[in-house]
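Here is how the chains run, residue by residue.
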Amino acid sequence: MSDLTRDFFERFVAERREESTMLDFKGNIDLATRDAKTDIARDIVALANSAGGEIIAGVKEEKGVAVDVCPFTIPDDNADAFTLCIENIMRDRIEPRLSGVRIDTVPAENDFYVRIAVARSFAGPHAVRHGARFEFLRRANRQNVPMDYAGVRAAFLAQPSLLDRIRIFHTDRVNAVRANEVEIPLVEVPTAVGHLIPYDFLEPVEVLSLEPRSVHLPRSSAFSDRPTIDGRIAIEPGTYMSSSPRASYVKVYRTGVVEAVDADFVKPHYEQPTVWNTAVLNMCSSLFENGEHLLGDSVRRPVAAIITFGGMKGTCFSVKDPHLYRHLPECNVDTFTLAAPEVVGELDREALSEILEGQFRSADGLD
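Residues numbered from 1 in each chain as written. Predicted model: local features only at pLDDT ≥ 70, side-chain atom pairs only at ≥ 80, totals over all residues. Heavy atoms only, no water.

Moving on: the environment of Arg 173. Assignment of secondary structure puts Arg 173 in helix α5 (residues 162-178). Under the relative-accessibility criterion, Arg 173 is labelled buried at 13%. Residues Arg 173 and His 195, 22 residues apart in the sequence, show an inter-C-alpha distance of 9.3 Å. (Helix = DSSP H or I, 4+ residues; strand = E, 2+ residues; numbered from the N terminus. Buried < 20%, exposed > 50% of the residue type's maximum accessible area, 1.4 Å probe, protein only.)

Printed below as a string of structure tokens:
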């Protein structure tokens, strides 16, 4: 069941939103013919091969500007069958397999609105299959445009190794948080960004169905959650350092990736120094508790756990020796970014904690 309402679609008209590389308006989606099915596959592929984005059906546009809402009829008023048809089109007509697509149908009296949210793909470039022929497309301005031979070749040659793709994904998200280009606005305070990334996140065996309250914040029961383009997010207001509005959050992608962002881990200057390894292990807890909660014993392994701390310059840290129960001398940070040890392999929460604690002790001459 979608959390979207009619207001979501009407807002595009009220704000006179314009189509872009990430936004495509359609009066309706007709899946009755072969050509119509190919057209929707082309729209999805073009977004996935670019920066991702949304297809908004039930909104009329003129010269790329939303001018009116126009909910449309779905055959037999069967939204589930309509959604399944689009999923089958993606399975049968798009190669390689594409994940990170969410389809929302919203009733409007006897008609429907539809949103198709497409995440940027790290497994591309993708193509629409026409028999033995493959068509590669991307988004440019407000249109789908073919990728020429040189563009397709460059896209394939640019594909990094799996571990490099994992690092690219993490770095892209760190940069998005730093630029405040994420779902939850954060003020410019030291912020930790962590990811638990299954090795099969590019082509997951299972795409998660994330229901309300399925994502949670391990250290708080007072949170709200809502769907995003590519998953679901749980939100908690910040508490430390100032009363400025901001939030920490945990986001789970339908591909199984867990993202934790914490703007509350640095203590105010008048309290004791922030404990570095405690901050890291708290992030690990947020990541693994959601992974285990959503996937149970089927948490996909191996996984990568990557955590980066940004905005750190001028903060004060200490490291707690877990065996001697004491803090090492304080350390003033003179760099903007700090990275926790990158850990990959067949991991669970306890194994990761042992690895990281060993890294801390070794780094400070305790071993």
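Put simply, Glu 95 and Pro 96 share a cis peptide bond, and its omega is -10 degrees. Inspection of the secondary structure puts Pro 96 in the loop between β5 (94-95) and β6 (101-108). At Asp 76, a position not held by glycine, the phi torsion is positive, near 60 degrees. Inspection of the secondary structure puts Asp 76 in the loop between β4 (65-69) and α3 (79-93). One non-glycine residue, Glu 109, adopts positive backbone phi at about 55 degrees. Look at Glu 109 and you get exposed, because its relative accessible area is 72%.

Spatial strand order, β5-β8-β9-β10: four strands in an open sheet with antiparallel pairing. The strands lining the two open edges of the sheet, one partner per strand, are β5 and β10 (143-146). Relative to β10, strand β9 (residues 133-140) is paired through four bridges, and the arrangement is antiparallel. When the bridges of β10 are listed, Arg 139 appears paired with Asn 144. (Pairing = 2+ DSSP bridges.)

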